[in-house]
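# Structure at a glance
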Amino acid sequence: MSDWEASSAARVLPPARPRKLAKVPFVELADGRLQGVVSSGSDVSRVYVSSVAAGDFAFACSTNNNRPCGGARGSFCNHIRALIGEAVLQYGGGRVARYLRADTGSLGEPEAGAVISAMTVTRPPQGDTKAAAPVFSRFLRHLAYLELVASTEPLPEMQWFPPTRAAV
């Protein structure tokens, strides 16, 4: 058994480029969507939960208490554009474009603008905000880990798979 198989830690891919967490503190490629939490530009106590679906690029943006975003009417709002930009920094433009199935026509690593353009040219539909609650809940769970005291001991809730054999 290799060292990583015997340990309780999973390998984590480093971000493609460093990013600032103030504007988009949470971004993930999950559940067939690019989704995350974006800070409001006008109110420090408000955040938006934004998402773009893979394939048809159906988009949704609402506040954490399910009020619709005023800018997401017929096209991507600034929150969704910021989310895509930070996802490109976090995961790389190629990975984001492949996940969303966006044809950027780029031979190299596409930039955020190319990914956004490839999606907006299709005139994507506005989606529903059903995913907002689970996404915001995962964001809050991630924030709770920041409050833990640094330790090398395993966290019980992070032990997803029971041990099947003893490490030698």
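Look a little higher up for the structure.
Residues numbered from 1 in each chain as written. Predicted model: local features only at pLDDT ≥ 70, side-chain atom pairs only at ≥ 80, totals over all residues. Heavy atoms only, no water.

## Thoughts on the sheet that holds strand β4 (residues 59-63)
- Read from one edge to the other, the open sheet built from 4 strands follows the order β1-β2-β3-β4, with strand pairing classed as antiparallel. The sheet is open, and its two borders are formed by β1 (26-30) and β4, each paired with just one other strand. Across this sheet, the average inter-strand angle for adjacent strands is 15 degrees, counted without regard to direction.
- In terms of strand pairing, strand β3 (residues 47-53) meets β4 through 5 bridges, oriented antiparallel. Looking at the pairing, serine 50 lines up with cysteine 61 of β4.
- Contacts between helix α5 (residues 132-146) and the sheet are confined to β1, β2 (33-39), β3 and β4, with β1 contributing the most and set at about 125 degrees to the helix. (Pairing = 2+ DSSP bridges. Helix = DSSP H or I, 4+ residues; strand = E, 2+ residues; numbered from the N terminus. Axes fitted to C-alpha atoms, helices over the stretch in contact; angles between N-to-C directions. Contact = heavy atoms within 4.5 Å.)

## Quick word on the pairing of β4
- Summarising burial for β4: 5 of the 5 residues are buried, a large majority.
- The alternating pattern of β4 places Phe59, Cys61 and Thr63 on one face and Ala60 and Ser62 on the opposite face, and all of these are buried.
- Between the antiparallel neighbours β3 and β4 lie 5 residues, among them glycine 55 with a positive phi of about 95 degrees. (Buried < 20%, exposed > 50% of the residue type's maximum accessible area, 1.4 Å probe, protein only.)

## Describing the nonpolar core
- Counting residues in each nonpolar core, the largest one holds 30 residues, and the members touching the most others are Leu34, Val52, Phe76, Ile80, Ile84 and Met119.
- Mapped by element, the contributors of at least two residues to this core are β1, β2, β3, β4, α2 (78-91), α3 (93-100) and α4 (112-120).
- It is α2 that contributes the most residues to this core, 6 residues altogether.
- Excluding its chain neighbours within four sequence positions, the residues that come into contact with phenylalanine 76 are Val52, Phe57, Phe59, Arg81, Ile84, Ile116, Met119, Thr120 and Pro124.
- Counting 9 residues, the second-largest nonpolar core is a separate cluster that includes Val37, Ala131, Ala132 and Phe139. (Core = buried A, V, L, I, M, F, W, Y, C linked by side-chain atoms within 4.5 Å.)

So far we have only geometry, and geometry alone does not tell us how the molecule works.
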